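Overview (structure and organization)
Residues per chain are reported as follows:
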Amino acid sequence: MTPPRMTALIVGSGDFKRIGEEFLGHFIRECGLKPEHKVLEIGAGYGRMAVGLTPYIAGGSYDGIEIIDKAVAWCRDEIATRFPCFRFHHADLRNPYSNPDGSSNASNYHLPFADEIFDFVFLTSVFSHMPPSEIDAYLAEISRVSKPGARSFITYYLLDDYAMEQIRLRRASQPFYHKFEGFLSTSRSTPENTIAIPEGAIRQFYARHEMEIDEPIRYGAWPGRERYMTYQDVVIAHKRSCDMSS
């Protein structure tokens, strides 16, 4: 269950399976993931995280959404045939960075699931390629399909005072030197190449969609921090319910 090395969706350094196993550990320790949970991944790619989950999910289920049809086909052939509770779905959405020929706008996308059915939702290196308006729309959908109390684990490049100063001093590992309305990018011609969002905007989106951040935010290594969970910043949150204080 290791995809061809030439695929563009395997990004970053490190071993494919090792990274999946590493994030499974984060999901268990930080989010309380259990084998019987119903799990949703948005941006499943070639199954790097799904493969890591296969030995753990038992009695629950996994659904993965992906905009690259070849990746979905590979995951269905190589993962779903071995693990029937793992399902992969294609969403033909347009993204100038990863799927420029997609037929639909991500801002109008509705997840193909009923309300309040998932115990855990995660996205890794997805919102780092989407502008704020699309992130806002996706968070609304994530909230809709999450059970009350369900947790989410989402990676970002967040802009706070420290990150902005590191970018200004050219010390951050990502060159966010191009300014657009509401975000910074590493590319002037294709902003979706890599996007950084102000932390304050993300906090507003979460509050708007009944998602409460489990403080503190787990800031990443990318701007030069010495203490971090992983490379990107991680926001862990839970969907509010009537018996939970806000």
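This text goes with the structure placed above it.
Residues numbered from 1 in each chain as written. Predicted model: local features only at pLDDT ≥ 70, side-chain atom pairs only at ≥ 80, totals over all residues. Heavy atoms only, no water.

**Let's talk about the overall build of the protein chain**
A count of helices and strands for the protein chain gives six helices and 13 strands. Overall, the C-alpha framework of the protein chain stretches about 50 × 50 × 35 Å when taken along its three principal axes. Residues counted as buried form 54% of the 246 residues belonging to the protein chain. Considering only contacts within the protein chain whose residues lie at least 6 apart along the sequence, 66% involve residues at least 24 apart. On the protein chain, roughly 11600 Å² of surface is accessible, and the fraction owed to carbon and sulfur atoms is 49%. Mean positive and mean negative side-chain charge positions of the protein chain (27 and 32 charges, respectively) differ by 3 Å. (Helix = DSSP H or I, 4+ residues; strand = E, 2+ residues; numbered from the N terminus. Buried < 20%, exposed > 50% of the residue type's maximum accessible area, 1.4 Å probe, protein only. Contact = heavy atoms within 4.5 Å. Areas by Shrake-Rupley, 256 points an atom, 1.4 Å probe, with all protein chains shown as cover. Lys, Arg positive; Asp, Glu negative; His and termini not counted. Charge placed at Lys NZ, Arg CZ, Asp CG, Glu CD.)

**Considering the sheet that holds strand β3 (residues 86–90)**
Within the open sheet, the seven strands sit side by side as β3-β2-β1-β6-β7-β13-β12. Their pairing is mixed. Each edge of the open sheet is held by one strand with a lone partner, namely β3 and β12 (211–213). Along the sheet, successive strands turn relative to each other by an average axial angle of 20°, direction set aside. For strand β6 (residues 118–123) and strand β7 (residues 146–156), the ladder comprises five bridges, and the chain directions are parallel. Across the sheet, the residue bridging to Phe-122 is Phe-153, located in β7. Contacts between helix α3 (residues 69–80) and the sheet are confined to β2 (61–66) and β3, with β3 contributing the most and set at about 165° to the helix. Sheet contacts for helix α4 (residues 132–145): β1 (38–42), β6, β7, β12 and β13 (233–239); angle to β7, the most-contacted strand, approximately 150°. (Pairing = 2+ DSSP bridges. Axes fitted to C-alpha atoms, helices over the stretch in contact; angles between N-to-C directions.)

**Section: the state of the cysteines**
As used here, a disulfide is simply a covalent bond connecting the sulfur atoms of two cysteines. Considering all chains together, one arrives at zero disulfides under this definition. Free of any disulfide, Cys-31 has its nearest cysteine sulfur in Cys-85, 19 Å distant. You can call Cys-31 buried: its relative accessible area is 8%. Unpaired in this structure, Cys-75 has its nearest cysteine sulfur neighbour in Cys-85, at a distance of 14 Å. (Disulfide = S-S within 2.5 Å.)

**Side note on the packing of α4 against helix α6 (residues 199–208)**
Across the interface, α4 lies against α6 with an axial gap of 9 Å and an inter-helix angle of 30°. The orientation of α4 with respect to α6, classified from their angle, is roughly parallel. For the pair α4 and α6, the sense of crossing is right-handed. Facing α4, whose interface residues are Pro-132, Ile-135, Asp-136 and Leu-139, α6 presents Ile-202, Phe-205, Tyr-206 and Arg-208. (Parallel < 35°, antiparallel > 145°, perpendicular 65-115°, else oblique. Left-handed = near helix turned anticlockwise from the far one by under 90°.)

**Focus on unusual backbone geometry**
A negative phi holds for most residues other than glycine; trans holds for most peptide bonds. Residue Pro-216 is reached from Glu-215 by a cis peptide bond, and omega for that bond is -5°. As for its position among the elements, Pro-216 is in the loop between β12 and β13. The phi dihedral of Glu-116 falls on the positive side, at around 55°, and the residue is not glycine. Relative to the assigned elements, Glu-116 resides in the loop between β5 (104–105) and β6. For Glu-116, a relative accessible area of 40% puts it in the partly exposed group. Although it is not a glycine, Arg-170 sits at a positive phi angle of roughly 60°. Within the secondary structure layout, Arg-170 lies in the loop between α5 (161–168) and β9 (178–180). Residue Arg-170 is classed as exposed on the basis of its relative accessible area of 55%.

**Quick notes on the nonpolar core**
Leu-53, Phe-127, Leu-139, Phe-153, Tyr-156 and Tyr-206 are the most contacted members of the largest nonpolar core, which has 65 residues in total. Residues Tyr-157, Ala-163, Phe-176 and Trp-222 belong to the second largest nonpolar core, which totals nine residues. (Core = buried A, V, L, I, M, F, W, Y, C linked by side-chain atoms within 4.5 Å.)

**Overview of the packing of aromatic side chains**
For the structure on display, the rule yields 19 aromatic pairs. Between Tyr-109 and Tyr-138, the ring centres sit 6.2 Å apart and the planes meet at 35°, which makes this aromatic pair tilted. Here Tyr-138 lies in helix α4 and Tyr-109 lies in the loop between β5 and β6, a separation of 29 residues in the sequence. We classify Tyr-109 as buried; its relative accessible area is 16%. (Phe/Tyr/Trp six-rings, centres within 6.5 Å; stacked < 30°, edge-to-face > 60°.)

**Describing the pattern of salt bridges**
All told, the structure shown has 17 salt bridges when counted by the stated rule. One salt bridge connects Asp-214 with Arg-151, and the closest N-O pair in it is separated by 2.8 Å. Taken together, the positions of Asp-214 in the loop between β12 and β13 and Arg-151 in strand β7 put the pair 63 residues apart, joining distant regions of the chain. With a relative accessible area of 13%, Asp-214 lands in the buried category. On the basis of relative accessible area, Arg-151 is assigned to the partly exposed category, the value being 30%. (Salt bridge = Lys/Arg side-chain N within 4 Å of Asp/Glu carboxyl O.)

Any link to function would need more than the numbers given here.
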